[in-house]
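Understanding the architecture of this molecule
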Amino acid sequence: MAKDRQDISRKLLNPFKGDKAIWFIFLVLAIISLISVFSSIGYSAVISDRTPEQAFIRHLMFVVATFVVVILLSNFNYRKFSRASWFGYIISIALLIAVFVIGHKSNDAGSGMSRWLMLPLVGRFQPSELAKVIVIIYLARLLAQEKDNLKEWTTFRNILIPIFIITALILSENLSTAIIIFFVCLAMLRIAPINVKHWRLTLLALIVCGALALVVGEKMNIPFLARTETWNSRIDNWLNFNDQELSQESMARMAVASGKFFGVGIGSTVQARLMTQANNDLIYAIIIEESGMLGGIIVFLLYVYLYIRCIKIAMRCKGDFGRMTVIGLGTLIFLQAAIHMSVSVGALPVTGQTLPFISSGGTAYLCMGLALGVIQAVAYDVNLSEAKAKKETNAVPVDSDNIEPINPPEGGEQ
């Protein structure tokens, strides 16, 4: 009894469970976020009928709330997330359908379609941000459950169906998020022991259907493809960039160019004074403007190291569900960061993706915290399993050739 109380006290005194390097990266990114948002949020706050101080305090509250979310989730047994993922998947579908019925129209939605839900006390809530985390966890559950049948086409097809449902519900209004979800899920499927032929045919079909949608959607008035004109326009503007036009993209490129190597100094941004998306969709350009390419490289390397830590956690994890979950969520964070940074420097067309743990925004920031919390829960379990195995090995001399790996049963694999 005394030992149990001592263990509980130790857990309470050390709430930061999981991988210490990931906690450090998260803290550094949060600090960068507060500095960058404080510098760039002015114009966005004014057009939102807030003072810059009010907008910054709101962002600070979401940063603190996200830390709490990560701390709470990292203390859970990650196998419980497998059992809860089916319920979360159903809730995600319900919320995405609700967006079409009672959704709030986004200011930048060229088609006038909805992207947000207005929730009491919470305000604007974007279900697609939650859905992209939930569907990855749910896919990891399916892959763990069906690991012995993944080479069969029927099993592969049945696993693709829930992915298609989520992406189809998101596609019409948020193409970039739908693409990210699908490619992260495809990456998870490729790592799993599937029939590679099925995977290649799926990828080919996706590319062909995507190309047809861009062509047909612009020529025919199909509600599902109502934003095709906007998508084509963004691609065309990127391919035929007009540096004389004062647009968000051109101001972002000017910010990157003026930053040079060491930057103009923290708080000395010029372009953010004129950009509506300086604090979220294009914040990486402001980071480079203020801290130069040096600061931009440091931020990029932080995401690279975060992804490397996720891969190492996955390699150490003995259970299929935990391994696939960490790979999927780690890929999601890194891929979204890479896309945002590429857009900010002009390497990709505008997508509207935020920079994880840096851009301002409530739903996106909290949902990325949800992903990180699950990763930390798996890391914490891996650390406990390895510590237990080491303790048992040191306590009882055994033949090292006969040691069997610890492979705890996982929810969803039963």
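Below is a short write-up of the structure. The shown structure was predicted, so the numbers you read here are calculated from the model rather than taken from an experiment. (Residues numbered from 1 in each chain as written. Predicted model: local features only at pLDDT ≥ 70, side-chain atom pairs only at ≥ 80, totals over all residues. Heavy atoms only, no water.)

1. Focus: the overall build of the chain
How we decide: Helix and strand labels come from DSSP, where a helix needs a run of H or I of at least four residues and a strand needs a run of E of at least two; each type is numbered from the N terminus. Here's how the labels work: a residue is buried when its accessible area is under 20% of the maximum for its type, exposed when over 50%, partly exposed in between, all with a 1.4 Å probe on protein chains only.
For the chain, the helix and strand inventory stands at 14 helices and 3 strands. Within the span of the chain, comprising 414 residues, buried residues form 48% of the whole.

2. So, unusual backbone geometry
Glycine aside, the phi torsion of most residues is negative, and most peptide linkages are trans. Despite not being glycine, K260 has its phi angle at roughly 50°, a positive value. With respect to the helices and strands, K260 occurs in the loop between α11 (248–259) and α12 (283–316). Since its relative accessible area comes to 63%, K260 is described here as exposed. With a phi close to 70°, F357 is a non-glycine residue in the positive phi region.

3. A few points about the packing of aromatic side chains
Cut-off, in case you're wondering: Whether two aromatic rings pair depends on their centres lying within 6.5 Å, for rings of Phe, Tyr and Trp, where Trp uses its six-membered ring; planes under 30 degrees apart make the pair stacked, over 60 edge-to-face, and the rest tilted. In this scheme, the term charge over a ring applies when either NZ of a lysine or CZ of an arginine sits within 6 Å of the ring centre and within 35 degrees of the ring normal.
Evaluation of the coordinates by the stated rule reveals 16 aromatic pairs. Centroid distance W86 to Y138: 5.7 Å. Interplanar angle 40°. Geometry classified as tilted. Taken together, the positions of W86 in helix α5 (residues 79–102) and Y138 in helix α6 (residues 127–145) put the pair 52 residues apart, joining distant regions of the chain. Classification of W86 as partly exposed rests on a relative accessible area of 45%. When its relative accessible area of 10% is taken as the criterion, Y138 is described as buried. Ring geometry for F164 versus F182: centroids 5.1 Å apart, planes at 45°, classification tilted. Placement of the pair is F164 in helix α7 (residues 153–171) and F182 in helix α8 (residues 175–191), with a sequence separation of 18 residues. Judged by its relative accessible area of 40%, F164 is partly exposed. The buried category is assigned to F182, whose relative accessible area is 4%. Within the aromatic cluster, the residues linked to one another by ring pairs are F16, W23, F26, F67, F357 and Y365. Lying across the ring of Y380, K17 places its NZ or CZ 5.8 Å from the centre. Here R190 stacks its cationic end above the ring of W199, 5.7 Å away from the centre of that ring.

4. Some points on the environment of T202
Filter applied, for reference: In what follows, residue pairs with any heavy atoms lying within 4.5 Å of each other are defined as contacts. For this analysis, a polar contact is any N or O atom pair within 3.5 Å, provided that within protein one partner can donate a hydrogen and the other can accept it, and provided that sequence-adjacent residues contribute only side-chain to side-chain pairs.
Mapped onto the secondary structure, T202 falls in helix α9 (residues 196–219). C-alpha separation for the pair T202 and L160, spaced 42 residues apart in sequence, amounts to 9.2 Å. Filtering out sequence-adjacent residues up to four positions away, T202 remains in contact with F156, L160, F182 and L186. Here the side chain of T202 touches H198 through a polar contact of 2.8 Å, landing on its backbone oxygen.

5. Quick notes on the packing of helix α2 (residues 20–40) against helix α4 (residues 52–74)
Inclusion rule: Under this scheme, a helix contributes an axis fitted over its contacting stretch, all axes are lines through C-alpha atoms, and angles between N-to-C directions fall in the 0 to 180 degree range. Orientation categories follow fixed angle ranges, with anything under 35 degrees roughly parallel, anything over 145 roughly antiparallel, 65 to 115 roughly perpendicular, and all other angles oblique. Under the convention adopted here, Pro, Cys and the residues Ala, Val, Leu, Ile, Met, Phe, Trp and Tyr are nonpolar, Asp, Glu, Lys and Arg are charged, and Gly plus all remaining residues are polar.
Taken N-terminus to C-terminus, the directions of α2 and α4 make an angle of 170°; their axes are 10 Å apart at the nearest point. Considering the angle they form, α2 stands roughly antiparallel to α4. Across from W23, F26, L27, A30, S33, L34, V37 and F38 in α2, the residues of α4 making contact are F56, H59, L60, V63, T66, F67, V70, I71 and S74. Class assignment of the residues belonging to the contact of α2 with α4 gives a composition of 13 nonpolar, 4 polar and no charged.

6. Points about the side chain of Q126
Turning to its location among the elements, Q126 is positioned in the loop between β3 (123–125) and α6. Exposure remark for Q126: the relative accessible area of 7% places this residue in the buried category. Apart from residues lying up to four places away in sequence, Q126 is in contact with R115, W116, N174 and T363.

7. Quick look at the packing of α2 against α12
Going by this rule: Crossing handedness is defined as follows: a turn of the near helix away from the far one that is anticlockwise and smaller than a right angle gives a left-handed crossing, while the clockwise case is right-handed.
In contact at an axis separation of 10 Å, α2 and α12 are set at 160° when each is read in the N-to-C sense. When the interaxial angle is binned, α2 and α12 end up roughly antiparallel. When the axes of α2 and α12 are compared, the crossing they make is left-handed. When α2 is examined against α12, the residues A21, I22, I25, V28, L29, I32, S36, V37, S39 and S40 are found in contact with a partner set consisting of I283, I286, I287, E290, V299, L302, Y303, Y305, L306, R309, C310 and I313.

8. Thoughts on the pattern of salt bridges
A side chain with one charge may pair with a side chain of the opposite charge, provided their charged atoms come close. The test is simple: The salt bridge criterion pairs a side-chain nitrogen of Lys or Arg with a carboxyl oxygen of Asp or Glu, the two atoms within 4 Å.
In the structure shown here, the tally under the stated rule is 6 salt bridges. Across the pair R309 and D19 runs a salt bridge, and its minimum N-O distance is 2.6 Å. Taken together, the residues span a long stretch of sequence, with R309 in helix α12 and D19 in the loop between α1 (2–13) and α2 at a distance of 290 residues. By relative accessible area, R309 is classed as buried at 17%. For R323, the salt bridge is made with D320, and the minimal N-O distance between the two is 2.5 Å. Pair noted here: R323 and D320 are both in helix α13 (residues 320–344), with a separation of 3 residues, about one helical turn. Residue D320 is classed as buried on the basis of its relative accessible area of 19%. Linked through salt bridges whose partners overlap, the residues forming this network are K147, D320 and R323.

9. Digging into α8
Just so we agree on the cut-off: Expected helix span is computed as 1.5 Å times (number of residues minus one).
The end-to-end C-alpha separation of α8 is 25 Å, in line with the 24 Å expected for 17 residues at 1.5 Å each. All buried positions along α8 are accounted for by S176, T177, A178, I180, I181, F182, V184, C185, L186, M188 and L189.

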